[in-house]
Amino acid sequence: MKFLKAYDIDLIKLKEGKHDFTFEVKDDFFGNFDPNDFVSQGNLSAKIQINKQSSLIEAYFEIKGTVKLTCDRSLEEFDFPLSTVEKVIYKYGPEEQELSEDLFMIPQDTQSINVAQLIYEFILLALPAKKIHPDYLEEMDDEDFEGDGDLVYISDRKSDDADEITEASEEPKEDLDPRWEVLKKLKKKD
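Analysis parameters
- Residues numbered from 1 in each chain as written.
- Predicted model: local features only at pLDDT ≥ 70, side-chain atom pairs only at ≥ 80, totals over all residues.
- Heavy atoms only, no water.
- Patch = residues over 30% accessible without salt bridge, like charges linked within 9 Å, V, L, I, M, F, W, Y side chains within 5 Å.
- Areas by Shrake-Rupley, 256 points an atom, 1.4 Å probe, with all protein chains shown as cover.
- Salt bridge = Lys/Arg side-chain N within 4 Å of Asp/Glu carboxyl O.
- Lys, Arg positive; Asp, Glu negative; His and termini not counted.
- Charge placed at Lys NZ, Arg CZ, Asp CG, Glu CD.
- Helix = DSSP H or I, 4+ residues; strand = E, 2+ residues; numbered from the N terminus.
- Buried < 20%, exposed > 50% of the residue type's maximum accessible area, 1.4 Å probe, protein only.
- Contact = heavy atoms within 4.5 Å.
- Core = buried A, V, L, I, M, F, W, Y, C linked by side-chain atoms within 4.5 Å.
- Pairing = 2+ DSSP bridges.
- Phe/Tyr/Trp six-rings, centres within 6.5 Å; stacked < 30°, edge-to-face > 60°.

1. Quick notes on a negative patch on the surface
Argument step 1. On the surface, a cluster of negative charge is contributed by Glu98, Glu101, Asp102 and Glu121.
Argument step 2. Looking at the secondary structure, you find glutamate 101 in the loop between strand 6 (97–100) and strand 7 (103–106).

Structure (structure tokens):
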């Protein structure tokens, strides 16, 4: 946890106005969070602009760099260029709590805020759902074809037989139940 203290921003020392901070995000940063299969290595820079006002603090996050991902198709590792911009608002209130994903309440006497967890979450949110190595981007999966085009059916029958089946299916059936005739008349009136 001592490592994450490097990602503290002292609010008490800040005057009202805009202040810029830069944090380096390297491999050791990811080791301080729960191990996951998404990302464990990277070389990023997180630029944070704090706009301190009397009733709230706006924090703008700009994270750029590369993370090492594992391709879903080939299981090869590759460097993925990552760039994301996010905004978080800290509003002064009676207690510390998260009001929404981008709105936090903090007491007026809060000494500092730690942005490490937010940086980590923003990196995870910027990752693609399907991680494909750049060498395989041109190839398409069967899933990529879903919904594209029409369903094609090839039959072993001769084309004459197929024409007869089509013509037969287009002709309306005349031997309907007499009860349906009443409904047909109602439908024709509309």
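Next comes the rest of the account.
2. Describing the environment of isoleucine 119
Argument step 1. Residue position: isoleucine 119 is located in helix 2 (residues 116–126).
Argument step 2. Given the relative accessible area of 0%, isoleucine 119 is considered buried.
Argument step 3. Here the alpha-carbon distance between isoleucine 119 and phenylalanine 61, two residues 58 residues apart in the chain, equals 7.9 Å.
Argument step 4. Beyond its immediate stretch of four places on either side in the chain, isoleucine 119 contacts Tyr7, Phe23, Val25, Phe29, Ala46, Ile48, Phe61 and Ile63.

3. Describing the pattern of salt bridges
Argument step 1. Taken as a whole, this structure holds five salt bridges when the rule is applied.
Argument step 2. As a salt-bridge pair, lysine 87 and glutamate 58 come within 3.6 Å of each other at their nearest N and O atoms. Of this pair, lysine 87 sits in strand 5 (residues 77–92) while glutamate 58 sits in strand 4 (residues 56–70); the two residues are 29 residues apart in sequence, bridging distant segments of the chain.
Argument step 3. On the basis of relative accessible area, glutamate 58 is assigned to the buried category, the value being 14%.
Argument step 4. Here glutamate 62 and lysine 64 are joined by a salt bridge, their closest N and O atoms 3.2 Å apart.
Argument step 5. Exposure remark for lysine 64: the relative accessible area of 45% places this residue in the partly exposed category.

4. Details of the nonpolar core
Argument step 1. Judged by nonpolar contacts, the single largest core of 38 residues is most densely connected at Tyr90, Val115 and Ile119.
Argument step 2. Elements with a contribution of two residues or more to this core: strand 2 (17–25), helix 1 (27–30), strand 3 (42–52), strand 4, strand 5, strand 7 and helix 2.
Argument step 3. In contact with valine 115, not counting residues within four places along its chain, are Tyr7, Ile9, Phe23, Ile48, Phe61 and Tyr90.

5. Section: a nonpolar patch on the surface
Argument step 1. Side chains of Trp180, Val182, Leu183 and Leu186 sit close together on the surface and give an oily, nonpolar patch of about 420 Å² of accessible area.
Argument step 2. Relative to the helices and strands, tryptophan 180 resides in helix 4 (residues 178–189).

6. Focus: the pairing of strand 3
Argument step 1. Most of strand 3 sits out of view: eight of its 11 residues are buried.
Argument step 2. Pairing between strand 2 and strand 3: nine bridges, direction antiparallel. When the sheet's bridge partners are listed, glutamate 24 is paired in strand 3 with serine 45.
Argument step 3. Across 11 bridges, strand 3 lies against strand 4 in antiparallel orientation. In the strand pairing of strand 4, serine 45 is matched with lysine 64.
Argument step 4. Joining the antiparallel neighbours strand 3 and strand 4 is a turn of three residues.

7. A look at the packing of aromatic side chains
Argument step 1. Going through the model one piece at a time under the given rule, you end up with eight aromatic pairs.
Argument step 2. On the basis of an interplanar angle of 55° and a centroid distance of 5.1 Å, the ring pair of phenylalanine 29 and phenylalanine 33 is categorised as tilted. Summarising the burial analysis for this pair, phenylalanine 29 and phenylalanine 33 share the class buried.

Remember, this is a structural readout, not a statement about activity or role.
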